[in-house]
Amino acid sequence: MQVNNSLAGLTYHVKTFGCQMNLHDAERVSGLLGTCGCLEVATPEEADIVVFMTCCVREKADTHLYGQVSAMVSAPEPPSGRRVVCIGGCIAQRDGASIREHMRNVDVVFGTRAISSLPELIDEARSGNGKTVFADTSEDSQGFSSDLPSRRENAWHAWVPIMTGCNNFCSYCIVPYVRGRERDRAFDDIVDEVRRLHAEGVREVCLLGQNVNSFGRQRYGSPRFAELLRAVGETGIERIRFTSSHPKDLSPATIAAMAETPAVMPQLHLAVQSGSTRVLKAMNRRYTREDYIALANSIKEAIPDIALSTDIIVGFPGETEEDFEQTLSLVREVGFASAFTFIYSKRPGTPAAKIDDPTPREVIQERFDRLAALVADLAHDANQVELGRTVEALVEGASKRDERVLVGHSPKNKTVHFEAPEGCDPHELVGKLVDVRVDEARTWYLRGPMVGEPR
Ligand code: SAM
Ligand code: SF4
Ligand code: F3S
């Protein structure tokens, strides 16, 4: 890694949109700039270097970015007298230097595989003639971004990328076009990183990839995710989560590894997208409604108290009322603890963008509202099971509304609220594991008193 000392003393701010992959890449950007002697500031207005880590998975994310970048034009100049605006992430990868046609004040555009070049690009932009500098690095010549330094958001949780890219080409999705084909990180590098993180005091890791279940296929010829879970479980790390899983690649070996590795949390995010086999086929998901339900049942059999969550798209082109009813019935049958629901967004360049859809917008919105209401009902029901139980929470910080109320997540990834006990400094509890006796179970959180000693 090159360290660029000419940036020392400049201030920077990173603004992140999109998925965990971007959050992690943003940590790498902060780590890199920190290594170059730059100082992080709280707002883009104060910063000499502003980096936007962008997302284009849905149309809204695009439009949102243009607004934010335009706001930078009218912002007063920073102390150094010159602000460098950098666009990274998936929009940068998709649009390259043509971004400047929509956003004139952009100085640097860097693709999803060009993070390590950022300090040089900023330097070039600062000494250049006002032309936008663009960098995209081919997959082959670029090391895994984890080889770069990272500045973690907090001391007790870490994202650990295990693979990147996606080979699935779901017909609605832009991700394979902006993140490239699947590439795996070396097995031993991942385990070593988790061991090191554990030694540094990290308590929870989330193994990251667009399709974690196929980890190993590209590098080793066959999937090794189950083996990886077991090896990571032996590092001593207390909590392991992972995302995202594709149902077609979730093997019985992985389910067994989850059940038999105590540090793997009893929670699984498994995107279903639709409950209609016809729509799933048009989406190129490569499983049927029946396959998904059978898979969910086998997971529940192996891990009875598991919390399943999912992603669902409403209004895929040609979705009928009957298809949508199938989605509702699958959601009821599986009994998800939570779900992210999205209205289909046409992504130019994907196969689904070519399918015409006569369904009126209001019909799709009405379906979306019905699904959201069902998801909320199920989340409420799932939380009632926790009433009277004592759950462990990893404490993340104070609630925005009341600084004596602390917020954490349970093993099942449920939000837990509790009041810091009398005489206890709430800040001291952040990063600790505490037990909370649940006496209130709302739709989106559990609440109760802390019992016993923090660990
Ligand atoms: N690889 C992950 C998986 O398959 O579970 C998903 C990654 S994607 C970043 C997150 C979610 O965005 C998807 O599961 C899907 O529900 C949603 N999504 C992707 N493309 C979309 C589109 N064109 N319109 C609406 N939602 C979309
Ligand atoms: Fe997109 Fe499908 Fe790949 Fe997930 S599996 S990133 S939804 S193409
Ligand atoms: Fe968005 Fe790129 Fe993630 S498109 S969802 S930031 S992979």
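Refer to the structure above for everything that follows.
A short tour of the structure in this document, coming up. (Residues numbered from 1 in each chain as written. Chains lettered and ligands numbered in written order. Predicted model: local features only at pLDDT ≥ 70, side-chain atom pairs only at ≥ 80, totals over all residues. Heavy atoms only, no water.)

**A word on the site of ligand 3**
We count it as follows: The near set for a molecule or strand comprises every residue that places at least one heavy atom within 4 Å of it. Note on residue classes: Ala, Val, Leu, Ile, Met, Phe, Trp, Tyr, Cys and Pro are nonpolar, Asp, Glu, Lys and Arg are charged, and everything else, Gly too, is polar.
Every residue lining ligand 3 is accounted for by Cys19, Asn22, Thr54, Cys55, Cys56, Val57, Cys90, Arg179 and Gln210. A class-by-class count of the residues in the shell around ligand 3 yields five nonpolar, three polar and one charged.

**Here's the deal with the pattern of salt bridges**
Which entries qualify depends on this criterion: For this document, the term salt bridge refers to a Lys or Arg side-chain nitrogen within 4 Å of an Asp or Glu carboxyl oxygen. The helix count covers DSSP runs of H or I at least four residues long, the strand count covers runs of E at least two residues long, and both are numbered beginning at the N terminus. A simple rule labels every residue: compare its accessible area, found with a 1.4 Å probe on the protein chains alone, to the largest value its type can have, and call it buried under 20%, exposed over 50%, or partly exposed in between.
Going through the model one piece at a time under the given rule, you end up with 31 salt bridges. The closest approach of N and O atoms between Arg389 and Asp305, which form a salt bridge, is 3.4 Å. Placement of the pair is Arg389 in the loop between α14 (361-384) and β15 (390-398) and Asp305 in the loop between α12 (289-302) and β13 (307-314), with a sequence separation of 84 residues. Residue class for Arg389 comes out partly exposed when judged on its relative accessible area of 33%. When its relative accessible area of 37% is taken as the criterion, Asp305 is described as partly exposed.

**Side note on the packing of α12 against helix α13 (residues 321-334)**
Here is the rule we go by: Throughout, an axis means a line fitted to C-alpha atoms (over the contacting stretch in the case of helices), and angles, computed between N-to-C directions, take values from 0 to 180 degrees. Each angle is binned into one of four classes, with values under 35 degrees roughly parallel, values over 145 roughly antiparallel, values of 65 to 115 roughly perpendicular, and all other values oblique. Contacts are assigned to residue pairs with any non-hydrogen atoms lying within 4.5 Å of each other.
Axis separation between α12 and α13 bottoms out at 11 Å; the angle between their running directions is 10 degrees. On the basis of their axis angle, the class for α12 and α13 is roughly parallel. On α13, the residues touching Arg289, Tyr292, Ile293, Ala296 and Lys300 of α12 are Gln326, Ser329, Leu330, Glu333 and Val334. Its residues placed into classes, the contact of α12 with α13 shows five nonpolar, two polar and three charged.

**Examining the packing of aromatic side chains**
Going by this rule: The pairing test for Phe, Tyr and Trp rings, Trp by its six-membered ring, is centres within 6.5 Å, and the orientation test on the planes gives stacked under 30 degrees, edge-to-face over 60, and tilted for anything in between. Note on geometry: a ring has a charge over it if NZ (lysine) or CZ (arginine) is within 6 Å of the ring centre and within 35 degrees of the ring normal.
Per the counting criterion, the structure on display carries eight aromatic pairs. Relative to Tyr220, the ring of Phe215 lies with its centre 6.5 Å away and its plane at 65 degrees, an arrangement referred to as edge-to-face. Feature note: the residues Tyr172, Phe316 and Tyr344 constitute an aromatic cluster, connected by ring pairs. The ring centre of Phe187 lies 4.3 Å from the NZ or CZ of Arg224, which sits over that ring. A cation over a ring is seen here: Arg224 above Tyr220, with NZ or CZ 4.5 Å from the ring centre.

**Remarks on the sheet that holds strand β21 (residues 450-451)**
Sheets are built from strands that pair by backbone hydrogen bonding, the pairs being arranged parallel or antiparallel. Defined as follows: Only strands that DSSP links by at least two bridges are regarded as paired with each other.
Spatial ordering of the open sheet is given by β19-β20-β17-β16-β15-β18-β21, a layout of seven strands whose pairing is mixed. This sheet does not close on itself; its edge strands, each paired only once, are β19 (440-441) and β21. Here β15 pairs with strand β18 (residues 433-437) via five bridges, running antiparallel. The partner of Glu392 across the bridge, within β18, is Asp435.

**Section: the site of ligand 1**
Condition: Identification of polar contacts relies on pairs of N or O atoms within 3.5 Å, with a donor-acceptor requirement for protein atoms, meaning one able to donate a hydrogen and the other able to accept it, and with residues adjacent in sequence counted only if both atoms are side-chain atoms.
Near ligand 1 you find 15 residues, and of these Tyr172, Gln210, Gln273, Asp311 and Ser345 are the closest. Contacts to ligand 1 include Arg58, whose side-chain N or O atom sits 3.0 Å from an oxygen atom. At 3.0 Å, a backbone N or O of Tyr172 approaches a nitrogen atom of ligand 1. Within the residue set of the shell around ligand 1, elements represented by two or more residues are β13 and β14 (338-343). Here the residues of the shell around ligand 1 sort into seven nonpolar, four polar and four charged.

**Regarding the nonpolar core**
Taken as a class, soluble globular proteins show a tendency for nonpolar side chains to be buried jointly. What counts, and what does not: Among the buried residues, those of types Ala, Val, Leu, Ile, Met, Phe, Trp, Tyr and Cys that are joined through side-chain atoms within 4.5 Å form a nonpolar core.
Formed by 68 residues in total, the largest nonpolar core has its most connected members in Val205, Leu207 and Leu228. When neighbours within four sequence positions are excluded, Val205 is seen to be in contact with Ala158, Val160, Val194, Leu197, Val232, Ile237, Arg239, Ile240 and Arg241. Listed in part, the 23 residues of the second largest apolar core include Val14, Cys36, Val84 and Ala125.

**What about helix α5 (residues 118-127)?**
Test applied: Each direction from the helix axis to a C-beta atom contributes to the arc, which is the arc of those directions.
Listed as buried for α5 are Leu118, Pro119, Leu121, Ile122 and Ala125. In a view along the axis of α5, the buried residues occupy a sector of 160 degrees, so they form one face of it.

**Let's talk about the sheet that holds strand β10 (residues 204-208)**
Here three strands make up an open sheet; going across it, the order is β7-β10-β11 and the pairing parallel. Each having just a single partner strand, β7 (157-161) and β11 (239-243) make up the two edges of the open sheet. If you compare each strand with its neighbour and ignore which way they point, the axes differ by 25 degrees on average. Bridge count for β10 against β11 is five bridges, and the pairing is parallel. Directly across from Glu204, in β11, lies its bridge partner Arg239. In the packing of helix α1 (residues 20-35) onto the sheet, the strands contacted are β7, β10 and β11, and the crossing angle to β7 comes to about 105 degrees.

**Some thoughts on the environment of Arg230**
With respect to the helices and strands, the residue Arg230 is situated in helix α9 (residues 225-233). By relative accessible area, which is 33% here, Arg230 ends up partly exposed. When the C-alpha positions of Arg230 and Ala257 are compared, they lie 6.1 Å apart, and in sequence the two are 27 residues distant. In this structure, Arg230 is in contact with Ala253, Ala256, Ala257, Glu260 and Thr261, ignoring residues within four places of it in sequence.

**Side note on the pairing of strand β1 (residues 11-16)**
For the record, the criterion: Crossovers are marked right-handed if the path from the first strand over the helix to the second runs clockwise, as seen with the strands pointing away from the viewer.
Looking at chain direction, β1 and strand β2 (residues 39-40) are connected through two bridges and run parallel. By the bridge assignment for β2, Thr11 is matched with Leu39. The parallel pair β1 and β2, bridged by α1, forms a crossover whose chirality is right-handed. Two strands pair when backbone bridges link them, and β1 and strand β3 (residues 49-54) are joined in this way by five bridges, in the parallel orientation. Note on β3: the bridge partner recorded for Val14 is Val51.

Remember that the coordinates give geometry; whether it matters functionally is a separate question.
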